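# Observations on chain architecture
The residues making up each chain are set out below.
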Amino acid sequence: MIKAGIIGGAGYTAGELLRLLINHPDVEIAWINSSSNAGNRVDSVHQGLIGETELKFTDQTPWEEADVLFCCTPHGETRRFLEANPDIPADLRIIDLSADHRLEDDTHDFVYGLPELNRKRIVRGARHIANPGCFATAIQLALLPLAKNHLLTGDVHVTAITGSTGAGVKPSATTHYSWRNDNVSIYKPFRHQHLAEIRQSMKQLYPQFDNEINFIPMRGCFSRGIMAVVYLDCDRDIAEVKRLYEDYYDDHSFTFVTDKTPDLKDVVNTNKCIIHLDRVDNKLIVTSVIDNLVKGASGTAVHNMNLLFGLQEKTGLQLKPSAF
């Protein structure tokens, strides 16, 4: 049985992670650290877990009781936490859901944890995993087969819309119901923080890639999910492109190519990504849909844990979409 510790246990991603781990057949949750909620029951914060757990938050971090640590802390805090805790055992597996270690450099040993890109690196001895961003996951899954086959020869254009849970659990002007409801807005055009990790992955598969990724993120008036629509110049026949996508994802468990235009509801509450391809004149259009809290965060974290510990990668992640 894998024993899991969690830091930053009060947010949306932590709540989703707890839901998955409580129902995982090979995991026992050892402790959940949250200094602001220490002593409180977990289901007093994550009320969807009422009747499923009697766990309480703690302000302690008993490393000896954990085999894997999930970091659900806000961006910037994971690295500070790890630096402030030099007593963390060297053999403790760490999965960081923040952005702190997604860009690979010589300051850390975290492997970028997009399984559809780095599964072999994760399985072959990785100890520390940097979970991808939610927008980055949807966009990269739309682009990886093109990068592998060196078809990213021009600029890439992306419009993607996300649900309100992507903004985190703390209230803000952009998450307030009266503002978000019946509303759509653009934010961080061409400057979104996930662009750096997307570019890193494209260059990993296609080192010559040096074109623009023109990304327009949007806030939607719904709770969960991301729809990313990517288009670029492509002179290949659509049947040929579809074969490239099907070949790339043939041995991956959660990404599927469909002939039908997908809806967000097809993937909400699941760890799936559904991809649809179309061609209009010389433009290839790729639509990618995921659940931002599952495939875009906690589901991929569990997927990475399964790979780190040699489990079948779908364990604990065979989830029904909430389509109806």
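In the block above lies the structure referred to throughout.
These numbers were taken from a predicted model, which means no experiment stands behind them.

### Regarding the packing of helix H4 (residues 134–148) against helix H6 (residues 195–205)
Where H4 contacts H6, the axes come no closer than 9 Å and their chain directions differ by 20 degrees. As summarised for this structure, H4 and H6 are arranged roughly parallel, according to the angle between their axes. Of the two possible hands of crossing, H4 and H6 adopt the one that is right-handed. Of the residues in H6, those touching H4 at Ala136, Ile139, Gln140, Leu143, Leu144, Ala147 and Lys148 are Glu197, Ile198, Ser201, Met202 and Leu205. Among the residues making up the contact of H4 with H6, the classes are represented as 8 nonpolar, 2 polar and 2 charged.

### Focus: the sheet that holds strand S8 (residues 156–162)
Strand order in the open sheet formed by 7 strands is S9-S10-S8-S11-S14-S13-S12, and the pairing between neighbours is mixed. Of all the strands in the sheet, just strand S9 (185–186) and strand S12 (255–258) have a single pairing partner and so form its edges. Across 7 bridges, the pairing between strand S13 (residues 273–280) and strand S14 (residues 283–290) is antiparallel. Bridging from a neighbouring strand, Leu277 pairs with Val286 of S14. On top of the sheet, H4 reaches S8, strand S10 (213–219), strand S11 (226–233), S12, S13 and S14; it is set at about 35 degrees to S11, its chief contact.

### Examining the pattern of salt bridges
Inspection of every chain in the model, using the stated rule, returns 14 salt bridges. A salt bridge links Asp43 to Arg41, with the shortest nitrogen-to-oxygen separation between them at 2.8 Å. Take Asp43: its relative accessible area is 9%, and that puts it in the buried class. In this structure, Lys242 and Asp259 form a salt bridge, with 2.4 Å as the shortest nitrogen-oxygen distance.

### Examining the nonpolar core
Residues Leu146 and Leu152 are the most contacted members of the largest nonpolar core, which totals 43 residues. Those elements giving two or more residues to this core turn out to be H4, S8, H6, S10, S11, helix H7 (238–248), S13 and S14. The element best represented in this core is H4, accounting for 11 residues. Every residue in contact with Leu146, bar those within four places of it in the chain, is listed here: Leu151, Leu152, Leu232, Val241, Tyr245 and Leu284. Residues Phe70, Phe254, Met305 and Leu307 belong to the second largest nonpolar core, which totals 30 residues.

### Some remarks on H7
Those residues of H7 that sit buried are Val241, Leu244, Tyr245 and Tyr248. Mapping the buried residues of H7 onto a view down its axis gives an arc of 95 degrees, with all of them on the same face. Tucked inside the fold, the buried residues of H7 contact helix H3 (115–123), H4, H6, S12, S13 and S14.

### Some thoughts on the packing of aromatic side chains
Applying the stated criterion to the full structure yields 4 aromatic pairs. With a centroid separation of 6.2 Å and an interplanar angle of 70 degrees, the aromatic rings of Trp63 and Phe81 are classed as edge-to-face. Of this pair, Trp63 sits in the loop between strand S3 (57–58) and strand S4 (68–71) while Phe81 sits in helix H2 (residues 77–83), placing them 18 residues apart in sequence. We classify Trp63 as buried; its relative accessible area is 6%. Seen in terms of ring centroids, Tyr248 and Tyr249 are 4.9 Å apart; in terms of plane orientation they differ by 70 degrees. Their pairing is edge-to-face. Each member of the pair Tyr248 and Tyr249 is classed as buried.

### A short note on the packing of H3 against helix H8 (residues 294–308)
Running from amino to carboxyl end, H3 crosses H8 at an angle of 30 degrees, the nearest separation of the two axes being 10 Å. With respect to each other, H3 and H8 are oriented roughly parallel. When the axes of H3 and H8 are compared, the crossing they make is right-handed. Packed against H3, whose contacting residues are Pro115, Glu116, Arg119, Ile122 and Val123, the element H8 presents Lys295, Thr300, His303, Asn304, Leu307 and Leu308 at the interface. When its residues are assigned to classes, the contact of H3 with H8 shows 5 nonpolar, 3 polar and 3 charged.

The rules behind the values
- Residues numbered from 1 in each chain as written.
- Predicted model: local features only at pLDDT ≥ 70, side-chain atom pairs only at ≥ 80, totals over all residues.
- Heavy atoms only, no water.
- Axes fitted to C-alpha atoms, helices over the stretch in contact; angles between N-to-C directions.
- Helix = DSSP H or I, 4+ residues; strand = E, 2+ residues; numbered from the N terminus.
- Parallel < 35°, antiparallel > 145°, perpendicular 65-115°, else oblique.
- Left-handed = near helix turned anticlockwise from the far one by under 90°.
- Contact = heavy atoms within 4.5 Å.
- Nonpolar A, V, L, I, M, F, W, Y, C, P; charged D, E, K, R; others polar.
- Pairing = 2+ DSSP bridges.
- Salt bridge = Lys/Arg side-chain N within 4 Å of Asp/Glu carboxyl O.
- Buried < 20%, exposed > 50% of the residue type's maximum accessible area, 1.4 Å probe, protein only.
- Core = buried A, V, L, I, M, F, W, Y, C linked by side-chain atoms within 4.5 Å.
- Arc of directions from axis to C-beta.
- Phe/Tyr/Trp six-rings, centres within 6.5 Å; stacked < 30°, edge-to-face > 60°.

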